[in-house]
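Residue-level structural notes
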Amino acid sequence: MHWWQFFIWNAAGGICWAVLVGLVSYYLGRAAAEAINRYGLIAGVAIVALLVLGALVFRFIRRRMMEAEPEA
């Protein structure tokens, strides 16, 4: 692949990625703000706590599976 062709595709990919991440962040932030306004700050904190707890449980289960793998 020629360098100019790579440059064009790389630039196009970077622009698409930046726009997509910007739009997703904007709309998720807006949805989160609306949910906090509708359901209250305590519900928002509870959702975040559940997400963190779920991530910790997933990590714990994955670690146990990785430790048990050499035995099998």
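Residues numbered from 1 in each chain as written. Predicted model: local features only at pLDDT ≥ 70, side-chain atom pairs only at ≥ 80, totals over all residues. Heavy atoms only, no water.

Details of the pattern of salt bridges
Here is the rule we go by: Think of a salt bridge as a Lys or Arg side-chain nitrogen and an Asp or Glu carboxyl oxygen that are within 4 Å of each other. Strands here mean DSSP runs of E at least two residues long; helices mean DSSP runs of H or I at least four residues long; both are numbered from the N terminus. Burial classes follow relative accessibility: with a 1.4 Å probe on protein chains only, a residue under 20% of its type's maximum area counts as buried, one over 50% as exposed, and anything between as partly exposed.
Applying the stated criterion to the full structure yields one salt bridge. One salt bridge in this structure joins Arg30 and Glu34, with 3.8 Å as the shortest N-O distance. Of the two residues, Arg30 and Glu34 are both situated in helix 1 (residues 3-39); the distance of four residues between them amounts to about one turn of the helix. With relative accessibility at 42%, the residue Arg30 sits in the partly exposed group. Take Glu34: its relative accessible area is 49%, and that puts it in the partly exposed class.

Quick look at a nonpolar patch on the surface
Basically, it comes down to this: Here the term patch refers to residues with relative accessible area over 30% and no salt bridge, with like charges joined within 9 Å and nonpolar side chains (Val, Leu, Ile, Met, Phe, Trp, Tyr) within 5 Å. Computed with the Shrake-Rupley method and a 1.4 Å probe, the accessible areas treat only the protein chains shown as cover for residues.
Judged by side-chain polarity, Leu50, Leu53, Val57, Phe60, Ile61 and Met65 come together as a nonpolar surface patch covering roughly 630 Å² of accessible area. Tracing the backbone shows Leu53 in helix 2 (residues 41-68).

Description of the packing of aromatic side chains
Under the convention used in this document: Pairs were defined over the aromatic rings of Phe, Tyr and Trp, the Trp ring being its six-membered one, requiring ring centres within 6.5 Å. Orientation was assigned from the angle between planes: stacked under 30 degrees, edge-to-face over 60, tilted for the rest.
Evaluation of the coordinates by the stated rule reveals one aromatic pair. With centroids separated by 5.0 Å and ring planes inclined at 75 degrees, the aromatic side chains of Tyr26 and Tyr27 adopt a geometry described as edge-to-face. The exposure class of Tyr27 is partly exposed, given its relative accessible area of 48%.

Remarks on the environment of Ile15
As for its placement among the helices and strands, Ile15 is situated in helix 1. For the pair Ile15 and Tyr39, spaced 24 residues apart in the sequence, the C-alpha separation amounts to 36 Å.

Section: helix 1
Selection criterion: Helix span is expected to be 1.5 Å times the residue number reduced by one.
Its 37 residues place the ends of helix 1 53 Å apart at the C-alpha level, agreeing with the 54 Å of an ideal helix rising 1.5 Å per residue. Positive phi shows up at Gly40, right after helix 1, with a value of about 100 degrees.

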